[in-house]
Amino acid sequence: MRGLAEPQGGVVSRDQLRELGITDHEVLAHVHAGRWRSVHTQSVAVHTGPLPRLGQHWAAVFEAGPRGCLDGTSSLIAGGLEHYDEPVVRVSVPRGVLVRRAPGIDVRQTRRLRPDDLEPSGIPRTRPHVAGVRGALWAKSDKQATLILTMAVQQRMTTPERLGGALLRVRRDRRRLLMTTVVTDLVGGVRSLGEHEFAQMCRLRGIPEPTRQVLRQGPDKRWYLDVHWEAWGVVVEIDGIQHAWATNLVADALRHNAIAIENALVLRLPLLGLRVAADDFFAQIIEALLSRGCPLDLAS
């Protein structure tokens, strides 16, 4: 029994105990003696200490029943997602399955759950690309949804292309357009931000339209400036998802320094920030233009 419990975070289901020949009366005796404790209605912890996250996940799956699986951010966390926490464990079951409610567990019925959505081993859970899309759909805000999709790609749990494939299965949802935009950004980086889109964002805020993709020649190579207001010496470098990895840091630093030597004011604008906090970043762009003499009637 302990060999079974160890890889499950110290938790075993009552069905597993019965299969080992441990009766319900024996379980009750261990609980009353203070050696074990009940977890929800379908599982038991074979200790009385704090329940680790792995044990919480297994207890949630046991409570959901034999067709339940971790889903959304809980599946991502079980698969290794770091620097993200959640107050509840999210579990999916097929539509029509009896749903048991328990504190700290969010059980969702879904018609989209397919056998090939599940990881082949370990705790029952959806694959990262499926979990990423579900987690974004269930997020409390657009900002949180964007963060979930981005972190799954940044930590290399899945790829933007796989997320896009899972997203195609979502027919109707109020967040579908946002998620499509984010996934497109993750696939294409800066290239997915069209010139007309950025120009429109400037016009809406009274900012003069910049020059896009300005060519510059360095000592050893050429590069393009993403956005440049040449009249006032203001440059905005739009960082796509690829800027999260170290392989680009040296090239980016050299380009940034070369531009600064030309006495240009360089602002960094993460593409993620443009999607979730555009007004805050454009306020900084306006401040930079004003500091370089851009007329107030153009940047008001």
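Let us look at the structure shown here. (Residues numbered from 1 in each chain as written. Predicted model: local features only at pLDDT ≥ 70, side-chain atom pairs only at ≥ 80, totals over all residues. Heavy atoms only, no water.)

## Here we look at the packing of aromatic side chains
Given two aromatic rings, one states the distance between the centres and the angle between the planes to describe the pair. Using the following cut-off: Two aromatic rings, drawn from Phe, Tyr or Trp (for Trp, its six-membered ring), form a pair once their centres lie within 6.5 Å of each other, and the interplanar angle then sorts them: stacked below 30 degrees, edge-to-face above 60, tilted otherwise. Working definition: helices are DSSP H or I runs of at least four residues, strands are E runs of at least two. Numbering for both runs from the N terminus. Think of it in three bands: residues with accessible area under 20% of the maximum for their type are buried, residues over 50% are exposed, and the middle band is partly exposed, with areas taken using a 1.4 Å probe on protein chains only. Consider the ring centre and the ring normal. A charge sits over the ring if Lys NZ or Arg CZ is within 6 Å of that centre and within 35 degrees of that normal.
This model, assessed by the stated rule, comprises one aromatic pair. Where Trp-58 meets Phe-62, the ring centres are 5.4 Å apart and the plane angle is 35°; that geometry is what we call tilted. In this pair, Trp-58 and Phe-62 both sit in helix H4 (residues 53-64), four residues apart, roughly one turn of the helix. Accessibility expressed as a relative area gives 12% for Trp-58, which makes it buried. On the accessibility criterion, Phe-62 (15% relative accessible area) is buried. The ring of Trp-138 is capped by Arg-108, whose NZ or CZ atom sits 4.9 Å from the centre of that ring. The ring of Phe-282 has Arg-205 sitting right over it, with the charged end atom 4.4 Å from the ring centre.

## Observations concerning the pattern of salt bridges
As a reminder, the rule being used: Salt bridges are identified by distance alone: a Lys or Arg side-chain nitrogen within 4 Å of an Asp or Glu carboxyl oxygen.
Per the stated rule, a full pass over the model turns up 13 salt bridges. The shortest N-O distance in the salt bridge between Arg-169 and Asp-117 comes to 2.9 Å. In this pair, Arg-169 sits in the loop between helix H8 (160-167) and helix H9 (176-188) while Asp-117 sits in the loop between strand E6 (105-110) and helix H6 (128-138), placing the two residues 52 residues apart along the sequence. Under the relative-accessibility criterion, Asp-117 is labelled buried at 2%. A salt bridge links Glu-209 to Arg-203, with the nearest nitrogen and oxygen atoms 2.6 Å apart. Look at Glu-209 and you get partly exposed, because its relative accessible area is 46%. Put simply, Asp-71, Asp-117, Arg-134 and Arg-169 are held in one network by salt bridges that share partners.

## Details of the sheet that holds strand E3 (residues 43-45)
How we decide: Strand pairing requires that DSSP identify at least two bridges connecting the strands. Lines fitted to C-alpha atoms define the axes here, with helix axes fitted over just the stretch in contact, and angles between the N-to-C directions of these axes take values from 0 to 180 degrees. It only takes one pair of heavy atoms within 4.5 Å for two residues to be counted as in contact.
An order of E1-E3-E2 is seen for the three strands of this open sheet, with the pairing classed as antiparallel. Two strands lie at the open edges of the sheet, namely strand E1 (11-13) and strand E2 (37-39), each paired on one side alone. Neighbour-to-neighbour, the strand axes of the sheet open up by a mean angle of 35°, direction not taken into account. Of the pairings in the sheet, the one linking E1 to E3 comprises three bridges and is antiparallel in character. From the neighbouring strand, Val-11 faces E3, where its bridge partner is Ala-45. This element, H4, spans E1, E2 and E3 of the sheet and lies at about 10° to E1.

## Section: the sheet that holds strand E5 (residues 89-94)
The strand order E4-E5-E6 describes an open sheet built from three strands, whose pairing is mixed. Since the sheet does not close on itself, it has two edges, and those belong to strand E4 (69-70) and E6, each with one partner. Sheet topology places E5 next to E6; six bridges connect them, and they run parallel. Following the sheet pairing, Val-93 is matched in E6 by Gln-109. Strands E4, E5 and E6 of the sheet are contacted by H4, whose axis makes an angle of about 25° with E5.

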